[in-house]
Amino acid sequence: MNGKFITVEGIEGVGKSTNITYVQQLLEANGIDVVLTREPGGTPLGEAIRALLLDSQYTGMDPVCELQLMFAARAEHLAKVIRPALEQGRWVLCDRFTDATYAYQGGGRGIDTGIISRLEQLVQGDFRPDLTLLLDVPVEVGLARANNRSTPDRFEQEKVDFFERVRQAYLDMAREHDRRYRVIDASQPLESVQQQLTAVLQKMHS
Ligand code: TMP
């Protein structure tokens, strides 16, 4: 039997790392075998592409170059990690996936979503996540949290407007794909965020 594919999305500073660890522990406590992975990255080649994508040395990278690097890493990730794990009945918990491309390269950079959708079809065919958790916070809250961390990477250097477009693109996708998406209010205290996550996941494996 195939496992389930869960993706976690959101702008910078929504608490993705903490909450992904929580989701992983929750699933494992229910006896589910979880593979935790991330995009861009998740394979040796994908992590090398990630390093290029995040390096501030490449500020001003052409958006179409950026777009294709995202999908290049994703093709490798799907072939080497995601599909094999699902075929073995394991669940895959992925920190970002193609919705991040629609949000950042589509919403943020302004690339036509029709072009993104053609690359999605090429790389994934009809493959889509079973569940997408969107951790949502207002941009000023997310950026204030993110700015407290280490040196900003190439994306973290973007301005508020960019992240407003990214957030809006995520919220639009959540409305459009409301069966697959669950929007979590991540501006709440951690305990409340975790209660929201528990409620969503209980429905999924019960
Ligand atoms: P992370 O630091 O949250 O793991 O993500 C790395 C950055 O890559 C983040 O700023 C979002 C960006 N990104 C895209 O722009 N497009 C994509 O398709 C993915 C997966 C990530």
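Cut-offs used in this document
Residues numbered from 1 in each chain as written. Predicted model: local features only at pLDDT ≥ 70, side-chain atom pairs only at ≥ 80, totals over all residues. Heavy atoms only, no water. Helix = DSSP H or I, 4+ residues; strand = E, 2+ residues; numbered from the N terminus. Rg over C-alpha atoms; globule rule 2.2 N^0.38 Å. Buried < 20%, exposed > 50% of the residue type's maximum accessible area, 1.4 Å probe, protein only. Contact = heavy atoms within 4.5 Å. Areas by Shrake-Rupley, 256 points an atom, 1.4 Å probe, with all protein chains shown as cover. Lys, Arg positive; Asp, Glu negative; His and termini not counted. Charge placed at Lys NZ, Arg CZ, Asp CG, Glu CD. Expected span 1.5 Å × (residues − 1). Arc of directions from axis to C-beta. Near = heavy atom within 4 Å. Polar contact = N/O pair within 3.5 Å; in protein donor to acceptor, adjacent residues only side chain to side chain. 1 Å grid on protein atoms, 1.4 Å probe; cavity = no way out; pocket = protein on both sides within 12 Å on 5 of 7 lines; lining within 4 Å. Sits in = over half its atoms within 2 Å of the grid points. Points joined across faces, edges and corners; volume = space filled by probe spheres on them. Phe/Tyr/Trp six-rings, centres within 6.5 Å; stacked < 30°, edge-to-face > 60°. Lys NZ or Arg CZ within 6 Å of the ring centre and 35° of its normal.

(A) How the structure looks around the overall build of the protein. Summing up its helical and strand segments, the protein has 8 helices and 5 strands in all. From first element to last, N terminus to C terminus, the protein shows the α and β order β-α-β-α-α-β-α-α-β-α-α-β-α. By the compact-globule yardstick of 17 Å for 206 residues, the protein fits well, its C-alpha radius of gyration being 16 Å. Counting only C-alpha atoms and orienting by the principal axes, one finds that the protein spans roughly 45 × 40 × 30 Å. Within the protein, the fraction of its 206 residues that count as buried is 50%. Looking at the protein alone, contacts between residues at least 24 apart form 80% of all its contacts between residues at least 6 apart. Within the structure as shown, the protein displays about 10,100 Å² of accessible surface, and the carbon and sulfur contribution to it stands at 50%. In the protein, 23 positive and 29 negative side-chain charges are present, and the distance between their average locations comes to 2 Å.

(B) Region of interest: helix α7 (residues 160–176). With 17 residues, α7 ought to run about 24 Å at 1.5 Å a step, and its terminal C-alpha atoms sit 24 Å apart, in line with that. Every buried residue of α7 is listed here: Phe162, Phe163, Val166, Ala169, Tyr170, Met173 and Ala174. Down the axis, α7 shows its buried residues gathered within 140 degrees of arc, on one side only. Among the exposed residues of α7, those pointing more than 90 degrees away from its buried face are Asp161, Arg175 and Glu176. Where α7 is buried, its residues meet β1 (5–9), α4 (98–108), β4 (131–136), α6 (139–147) and β5 (181–185).

(C) Main features of the site of the ligand. Around the ligand sit 14 residues in total, of which Glu12, Lys16, Arg96, Thr101 and Gln105 are the nearest. A distance of 3.1 Å separates an oxygen atom of the ligand from a polar atom in the side chain of Arg74. Thr101 places a polar side-chain atom, nitrogen or oxygen, 2.6 Å from an oxygen atom of the ligand. The fraction of the free accessible surface of the ligand (480 Å²) that becomes covered by protein chains is 94%. Because more than half of its atoms lie within 2 Å of the grid, the ligand is assigned to the largest pocket.

(D) Here's a closer look at the environment of Thr198. Of note, Thr198 is situated in helix α8 (residues 190–205). As for Thr198 and Val23, which are separated by 175 residues in sequence, their C-alpha atoms are 7.8 Å apart. Setting aside its immediate chain neighbours within four residues, Thr198 contacts Tyr22 and Leu26.

(E) Representation of the layout of surface pockets within the structure. Looking at the largest pocket, its volume works out to about 570 Å³. Lining the largest pocket are 28 residues, and of these Glu12, Lys16, Arg50, Arg96 and Asp153 sit closest to its centre. Taken together, the elements giving at least two residues each to the lining of the largest pocket come down to α1 (16–29), α2 (44–54), α3 (63–87) and α4. In terms of residue count, the dominant contributor to the lining of the largest pocket is α4 (4 residues).

(F) Looking closely at the packing of aromatic side chains. One pass over the structure, following the stated rule, counts 7 aromatic pairs. Look at Tyr104 and Phe162: their rings are 6.1 Å apart centre to centre, the planes differ by 55 degrees, and that puts the pair in the tilted class. One end of the pair, Tyr104, is in helix α4; the other, Phe162, is in helix α7, with 58 residues separating them in the sequence. Each of the two residues, Tyr104 as well as Phe162, counts as buried. Between the aromatic rings of Tyr104 and Tyr170, the centroid separation amounts to 6.4 Å while the plane-to-plane angle is 80 degrees, which identifies the pairing as edge-to-face. Of the two residues, Tyr104 is situated in helix α4 and Tyr170 in helix α7; the sequence distance between them amounts to 66 residues. The exposure classification of Tyr104 matches that of Tyr170, with both residues buried. Ring pairing ties together the aromatic residues Tyr104, Phe155, Phe162, Phe163 and Tyr170, which thus form one cluster. Here Arg74 stacks its cationic end above the ring of Phe71, 4.8 Å away from the centre of that ring.

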